[in-house]
Amino acid sequence: MSERNTYLPYLMTIDKVIKEAPGVKTFRLKFQNEEEAAGFTFQAGQFGEYSAFGEGESTFCIASSPTRKGYIECTFRETGRVTGGLSSLEEGSTMGFRGPYGNTFPMEEWKGKNLLFIAGGIALPPMRCVIWNALDLRENFKDVTIIYGAKTVNDLVYKSELKEWEERPDVRMITTVDPGGETPDWKGEIGFVPTIVEKVAPSAENTIAIVCGPPIMIKFTFPVLAKLGFTDEMIYTTLENRMKCGVGKCGRCNVGKLYICKDGPVFSKEQLNLIPAEEY
Amino acid sequence: MEKLRERAAALLADGTVSLVIGFEEGTKRPRPFFCRTSDQASKLIFDSRCFHNLAVYVTKKELVGKEPFAVTAPIATLRSILQLYVENQLKEEQMLILTADPAGELFELRSFDEISAYVANFELKRGEREEEILHKIEGMTREERWQFWLNEMSQCFKCYACRSACPLCYCTKCVVEVNRPQWIHPWPAPLANMEWHINRAMHMVGRCTACGACGEACPVGIPIDLITRKMMEDLAPEFGYIPGLPARQGNALSSWRLDDREQFIR
Amino acid sequence: METKYISKEGLGRWFDAIVASEKRIYAPVKSRGQVDFKQVKSLSEVADEYIQTTQSIKAAVFPKAEILFSYEKVNGKVNLTDFDPNSVPETVLWKVHPCDAAGFRPLSAIFNWDSADKLHNAHLSRTTIVSYGCAIADESCFCTSVNGGPGNLNGSDLQLTMLPDGGAIAEIITARGETLASLCPDAFVADRGDDKSAHLVDLPARFSLEEVQSKLNKAFDSSVWKQQSERCLGCGACAFVCPTCACFDIQEDVHGSKGRRIRCWDACGFSLFTLHTSGHNPREHQSQRWRQRILHKFSYMPERLNVVGCTGCGRCSRACPVDMNILEHITSIAEQ
Ligand SMILES: Cc1cc2nc3c(=O)[nH]c(=O)nc-3n(C[C@H](O)[C@H](O)[C@H](O)COP(=O)(O)OP(=O)(O)OC[C@H]3O[C@@H](n4cnc5c(N)ncnc54)[C@H](O)[C@@H]3O)c2cc1C
Ligand code: SF4
Ligand code: SF4
Ligand code: SF4
Ligand code: SF4
Ligand code: FES
């Protein structure tokens, strides 16, 4: 058999569509070809190129956990041509996927540690994959804390899962919305994510912090974590440079000698220090 | 030229301007030069070999900033600057023009009207190259013309040097980059190239001042400047404009007059 | 490797034999006042007396626009048609300059350093490169400063060095070169012992690559980028004429229920190249994009792919509308 054309997507059936927030949807995808399904594995942190035939491809992380077999999920916000095209697809329709691409969160290394998840807005998807991965292997980890914030209550994604996590005794769940984004019956926190992190003040002792969100949130959260005693190798994040090929060829995500699509998207803060901050 | 250098040095020295956009000697011929100190002013040159249209830089905020600056402008650059004024892209108080006539006499121009009055002394004429190619094209049948341009444009590889060199292509997002809807197929292919060039021409009608920068910039030698030039030549008399002399009241295709001789517009 | 002599007459016969073998031949042709690679059928079409083709030959292995695959939507289902490597014809690239031949290595390094690029490889594996040693050069050429030279064999399958009698020294370098020569075996006769270097242009090195690289390692925050790039217009001319620039975009060509996914050239000099959907652009200024161009070629590629991303062909300097002369810029960095 000749080598596969990297750019040829797998055909996927949209098994389920979940409306998460205004403009944000989650798709559950199943492989149409059984052989391809059987040969497919991925790990937390990886991403893929999703095709809307007729519109093009977009980069999203795989938002489901590798512990959940038989499907993958992606969550995306409608922002342009491809995401617009995808958004108009219904359950049962065909779309494309190629991947998995990129590196992974070092879940093995984290065994026996506390996990602190800090996410903002639409950046929960990459995080959700790790969260479920950790929760499905709960015995491997000590305390699990999740701090998640969005602009408004309406913008919070994965609402049913947030509830599930909140109800779990083995998870400390803190949800927050930006000042002014609350509803009358909002019971969570009010404030920007970095502020809430400072307020909640999780211990840095034996803890890994995973931070995903808009660049501005990340920028303000890092110093808070440093203040709490987190050193650079204890902090992880994902980068979202513009990508096209996903496989280290098109040059778009090249930063220094790294390709974010190959050497990332997952980086520890220690690794991030090696690439110029203005380039991501 | 010496007078121009001295004046530029003085303007920089006394802080009247913080930047003089001019020309310096390049590896083959003069090239654009950003002169920021009075010491550098001795590198400035200004002669008939200075063909770049420096007006392309005056709309770039990252280059000119907010401080006053000067431009040593040949006639073609002046025409473009006038057009940029017409399109409200420039502030009269931020820019000072230094120019010299063929005899070497130095002129300082500070407003649309001053530039306009100066440029009016120079008639826009076809050069040898323009005359030769346009003459050939004007003698062609419609079908021959289509074939000529199809052949020329199929060489285009969409590097957009033409667009980048054009002072009037100042949009931060060009029509070729709009993808909802996708007006133009963004890859290079004969038909997709025609889409680009027809669109480009349409966006230039009544705006192009025939500086030739686009044609000069094209690495594969497509004389695309002649399309917009010819349009301007044909259109100016129809609309009562002087070719290459932008008028305050606006562009031929985006202005409106009560005394228009066409009925449909009223 | 084997060195032979081929006479003027032999060259003609060999060329005709290649034509007769139904291989596609691309060679430099003069037309519209420029010299560029075009498909040819006879040796007489091939241009003489020029320094360099305007564009490199990279399009032969990295087309300007190429169909990655096509698809058709039928009743909610999608049928895919994969790229077929067998659709790529056997091709001979004739009269390639050594700096162009040398460009194939960086190009392939980009396409294959991680996973194999089936399309690029399909072209490459069906391509035979006949280079010509350079007898003339201009002030933009600097191959000798970047590990190359007017008689460099890197990337060539067979190299010809023209002799005053119209014949040539033929260096048969690879098995592909041998196969091509075997189309007309008797045209290649025993080496006459001609001194190759006497028929090549003398081009002293203009800078030390090691020095440039060590300077660049510390240059990210240097003011040199802004200084050098002020006049740069941010177009794609330099990248598109370059034999090693491989950046591409992926686009969709849709016609009703049918469509094709297309890969086409792109360039790090364009302002929208790195624009995030959020509107954030890590390379907002031209100086940052110019820095990427130079560092990618002279620092990142050597570090990551173990190959310099510039072969010294000088095309970018010749093509640039505002005289951004790469040799001048690199030399000034070396001298800092
Ligand atoms: C590793 C990674 C993971 C990601 N994960 C997620 C995720 O899980 N969920 C999610 O929602 N997003 C994610 N993103 C972001 C996502 O890839 C983009 O939001 C998405 O690609 C937008 O796609 P689009 O095709 O709909 O937009 P496009 O139609 O491509 O346009 C997006 C915007 O960019 C502009 N644009 C696009 N192309 C051009 C062009 N050629 N010229 C000029 N402007 C242009 C448009 O104006 C538009 O506003 C991720 C990105 C990366 C790199
Ligand atoms: S400069 Fe020439 S090749 Fe480049 S886009 Fe314009 S017409 Fe095409
Ligand atoms: S260096 Fe020259 S060719 Fe390259 S982007 Fe700048 S202006 Fe265009
Ligand atoms: S960077 Fe310029 S000189 Fe170097 S290989 Fe590319 S086009 Fe040639
Ligand atoms: S120089 Fe720029 S366009 Fe060329 S390969 Fe490198 S990143 Fe891509
Ligand atoms: S997305 Fe193409 S190189 Fe990273």
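Residues numbered from 1 in each chain as written. Chains lettered and ligands numbered in written order. Predicted model: local features only at pLDDT ≥ 70, side-chain atom pairs only at ≥ 80, totals over all residues. Heavy atoms only, no water.

1. Here's the deal with the overall build of chain B
Broken down by element type, chain B carries 10 helices and 5 strands. What you see for chain B is a C-alpha radius of gyration of 19 Å, in line with the 18 Å of a compact globule of 266 residues. Dimensions along the principal axes, computed over C-alpha positions, put chain B at roughly 60 × 45 × 40 Å. Contacts in chain B between residues far apart in sequence, at least 24 positions, make up 62% of those at least 6 positions apart. By element, 53% of the accessible surface of chain B is carried by carbon and sulfur atoms, the whole surface being about 12,800 Å². Treating the 33 positive side-chain charges of chain B as one cloud and the 36 negative ones as another, the clouds have centres 5 Å apart. (Helix = DSSP H or I, 4+ residues; strand = E, 2+ residues; numbered from the N terminus. Rg over C-alpha atoms; globule rule 2.2 N^0.38 Å. Contact = heavy atoms within 4.5 Å. Areas by Shrake-Rupley, 256 points an atom, 1.4 Å probe, with all protein chains shown as cover. Lys, Arg positive; Asp, Glu negative; His and termini not counted. Charge placed at Lys NZ, Arg CZ, Asp CG, Glu CD.)

2. Description of the sheet that holds strand E8 (residues 144-150) of chain A
Residue and element names in this part refer to chain A. Taken in spatial order, the 7 strands make up an open sheet running E10-E9-E8-E7-E11-E12-E15, and their pairing is mixed. The open sheet terminates on both sides in strands that have one partner only, identified here as strand E10 (189-190) and strand E15 (266-268). Along the sheet, helix H3 (residues 124-136) contacts strand E7 (114-120), E8, strand E11 (207-212) and strand E12 (235-238); its crossing angle with E7, the most-contacted strand, is approximately 155°. Against the sheet, helix H6 (residues 215-227) engages E7, E11 and E12, with an angle of about 160° to E11. (Pairing = 2+ DSSP bridges. Axes fitted to C-alpha atoms, helices over the stretch in contact; angles between N-to-C directions.)

3. Section: the domain arrangement of chain C
Residues and elements named next belong to chain C. Domain annotation of chain C identifies domain 1 (1-59 + 83-204) and domain 2 (207-336). A separation of 26 Å is found between the C-alpha centroids of domain 1 and domain 2. With 31 residues of domain 1 at the contact, the number on the domain 2 side is 32 residues. The contact between domain 1 and domain 2 buries some 2,600 Å² in all, and 62% of this surface belongs to carbon and sulfur atoms. Contact with domain 2 buries surface across domain 1, with Lys-58, Phe-142 and Val-146 losing the most and accounting together for 25% of the total. (Domains from an automatic or database assignment. Buried area = accessible area lost by both parts, 1.4 Å probe.)

4. Here we look at the confidence of the model for chain C
The predicted model of chain C averages 96 in pLDDT, with 100% of residues at 70 or higher. Two numbers describe this predicted complex: its pTM, 0.94, and its ipTM, 0.95. (pLDDT = per-residue confidence, 0-100.)

5. Concerning the domain arrangement of chain B
Residue and element names in this part refer to chain B. Along its sequence, chain B is organised into domain 1 (2-119) and domain 2 (128-239). On a C-alpha basis, the centres of domain 1 and domain 2 stand 27 Å from each other. With 13 residues of domain 1 at the interface, the matching set in domain 2 holds 12 residues. Between domain 1 and domain 2 lies a buried interface of about 990 Å² when both sides are counted; carbon and sulfur atoms form 60% of it. Of all residues in domain 1, Val-56, Gln-83 and Glu-87 give up the largest surface area on contact with domain 2, accounting jointly for 38% of the area buried on that side. Notably, a salt bridge pairs Glu-216 with Arg-29, separated by 3.4 Å at the nearest N-O pair. Connecting domain 1 to domain 2 are 4 residue pairs in polar contact (both at pLDDT 80 or more). Class assignment of the residues belonging to the side of domain 1 that touches domain 2 gives a composition of 5 nonpolar, 5 polar and 3 charged. (Salt bridge = Lys/Arg side-chain N within 4 Å of Asp/Glu carboxyl O. Polar contact = N/O pair within 3.5 Å; in protein donor to acceptor, adjacent residues only side chain to side chain. Nonpolar A, V, L, I, M, F, W, Y, C, P; charged D, E, K, R; others polar.)

6. Thoughts on the pairing of strand E4 (residues 95-100) of chain B
Residues and elements named next belong to chain B. Along E4, 6 of the 6 residues are buried, which leaves the element largely enclosed by surrounding structure. Side chains Met-95, Ile-97 and Thr-99 project from E4 onto one buried face, and the interleaved Leu-96, Leu-98 and Ala-100 project onto a second face that is buried too. Bridging between strand E3 (residues 69-72) and E4 involves 4 bridges; their strand directions are parallel. Considered in E4, the bridge of Thr-72 is made with Leu-98. (Buried < 20%, exposed > 50% of the residue type's maximum accessible area, 1.4 Å probe, protein only.)

7. Regarding helix H3 (residues 75-86) of chain B
Residue and element names in this part refer to chain B. For H3, which comprises 12 residues, the first-to-last C-alpha distance of 17 Å matches the rise-based estimate of 16 Å (1.5 Å per residue) to within 8%. Counting buried positions along H3 yields 11 of 12 residues, so the element is predominantly enclosed. Among the residues making up H3, those that are buried are Ile-75, Thr-77, Leu-78, Arg-79, Ser-80, Ile-81, Leu-82, Gln-83, Leu-84, Tyr-85 and Val-86. Its buried side turned inward, H3 meets E3, E4, strand E5 (106-109) and helix H4 (112-119). Of the residues flanking the end of H3, it is Asn-88, one or two places downstream, whose phi is positive at about 60°. (Expected span 1.5 Å × (residues − 1).)

8. Examining the site of ligand 1
Near ligand 1 lie 24 residues; those nearest to it are Thr-59, Thr-75, Arg-81 and Thr-83 of chain A together with Lys-173 of chain B. Separating a nitrogen atom of ligand 1 from a backbone N or O atom of Thr-75 of chain A is a distance of 2.7 Å. In the model, an oxygen atom of ligand 1 is placed 2.4 Å from a nitrogen or oxygen of the Thr-83 of chain A side chain. When isolated, ligand 1 has an accessible area of 960 Å², and the protein chains bury 84% of it. (Near = heavy atom within 4 Å.)

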